[in-house]
Amino acid sequence: MSHEISVLSHARYGKDKVRVFRVVREGKWHHIVEYNVQALLEGDIRTSYTEADNSVVVATDSIKNITYYLAKISPHVLIPERFALHLATHLVSKYAHIHKAFVTVEQLRWSRIPISGEQGPEDHPHAFIRDGDDKRTVSVEVDASKGKDKLVASVSAGISDLLVLKTTESAFTNFVRDKYTTLKEVDDRILSTSIDLSYTFAPIEIAAPTDADVEEFPIPAELPGSVWDITVPRKARKATLEIFATDNSASVQATLFTMAQRIISENAHVQSASYALPNKHYIPVDMSYLGIENLVPSKAEVFMPIAAPSGLITATATRK
Ligand SMILES: O=c1[nH]c(=O)c2[nH]c(=O)[nH]c2[nH]1
């Protein structure tokens, strides 16, 4: 019978796509975050799969409720790395039989609307604009398998869907030429990509919550370039955009590695940086049938943006 030849080799469950919006009012000066949260659990949950034993199941509905509860009570809710760590720590601390929590947080962009003030542009105290489709991402794993007072956290963070384009200083030559090759070498082309970045910190020990309701989550001193350093995400976005703009690109591969190296060199506790860069092709339109020249790469003016297929260039740089 089939149940004799297979075993449960992996099990993890929880809630996905929990949408959370939080406002923090500092008088008339309001702060907001909007998150998409995923919270998954591992532990002694085997019998829920193998014996239909729900007594070991923290309902995914409860996991959703805990997510909203922490969005209310956590002093760290405005910083996605800290909120994710607080939520994951809460989950493994609250339930004796849950040994690992995996929390991902995607933060949507909401920036203050600039308005004209007496001395130039000012940020509005409570009106915001979605000024980009890119998201800030955080992924944490809190591991309590060595004991509830010896929590180890692995954290990665990054960016998704950061759409960029440049109209020159991108070339692609010297690639393999054989009977399958139709691509022409170009010393000048449009380069466009939707940037996904994920950088990883070395695992850290997390102090277990000290109170009975596991609501406490003490934050240690801010080590520069560590997960506690709130400037890391801003530096990573800035470095990514600056390298994209200023690198005289020989290929997506070479530009990617330059970006990843800069992330590692600027952040002392980042162990690795991974990018996934689709090469979103823009094809010069052939207008020679009209007697119009539009195919010389540096002079082409009309392009056909191609949604699919795209190249997909990925790599990870790791600290030596
Ligand atoms: O930067 C690039 N890398 C490639 O690997 C590749 N392949 C291709 O067709 N165009 C490009 N461009």
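Located above this text is the structure these notes cover.
Source: prediction; values computed, not measured.

1. Regarding the packing of helix α2 (residues 60-73) against helix α3 (residues 80-94)
Across the interface, α2 lies against α3 with an axial gap of 10 Å and an inter-helix angle of 130 degrees. Regarding the angle of α2 to α3, the classification is oblique. Between α2 and α3 the crossing geometry is right-handed. Residues Ile66, Thr67, Leu70 and Ala71 of α2 form the contact with α3, whose own contacting residues are Phe83, His86, Leu87, His90 and Leu91. Its residues assigned to classes, the contact of α2 with α3 shows six nonpolar, three polar and no charged.

2. Side note on the pattern of salt bridges
Summed over all chains, the structure comprises 15 salt bridges. Residue glutamate 222 is joined to arginine 82 by a salt bridge in which the shortest nitrogen-to-oxygen separation is 3.3 Å. Here arginine 82 lies in helix α3 and glutamate 222 lies in the loop between β9 (204-206) and α4 (232-246), a separation of 140 residues in the sequence. Given a relative accessible area of 10%, arginine 82 falls into the buried group. Where aspartate 161 meets lysine 135, a salt bridge forms, and the shortest distance between an N and an O atom there is 2.8 Å. One end of the pair, aspartate 161, is in strand β7 (residues 151-166); the other, lysine 135, is in strand β6 (residues 135-143), and 26 residues separate them in sequence. One network of salt bridges, with partners in common, ties together Arg109, Asp131, Asp134 and Arg237.

What counts and what doesn't
Residues numbered from 1 in each chain as written. Predicted model: local features only at pLDDT ≥ 70, side-chain atom pairs only at ≥ 80, totals over all residues. Heavy atoms only, no water. Axes fitted to C-alpha atoms, helices over the stretch in contact; angles between N-to-C directions. Helix = DSSP H or I, 4+ residues; strand = E, 2+ residues; numbered from the N terminus. Parallel < 35°, antiparallel > 145°, perpendicular 65-115°, else oblique. Left-handed = near helix turned anticlockwise from the far one by under 90°. Contact = heavy atoms within 4.5 Å. Nonpolar A, V, L, I, M, F, W, Y, C, P; charged D, E, K, R; others polar. Salt bridge = Lys/Arg side-chain N within 4 Å of Asp/Glu carboxyl O. Buried < 20%, exposed > 50% of the residue type's maximum accessible area, 1.4 Å probe, protein only.

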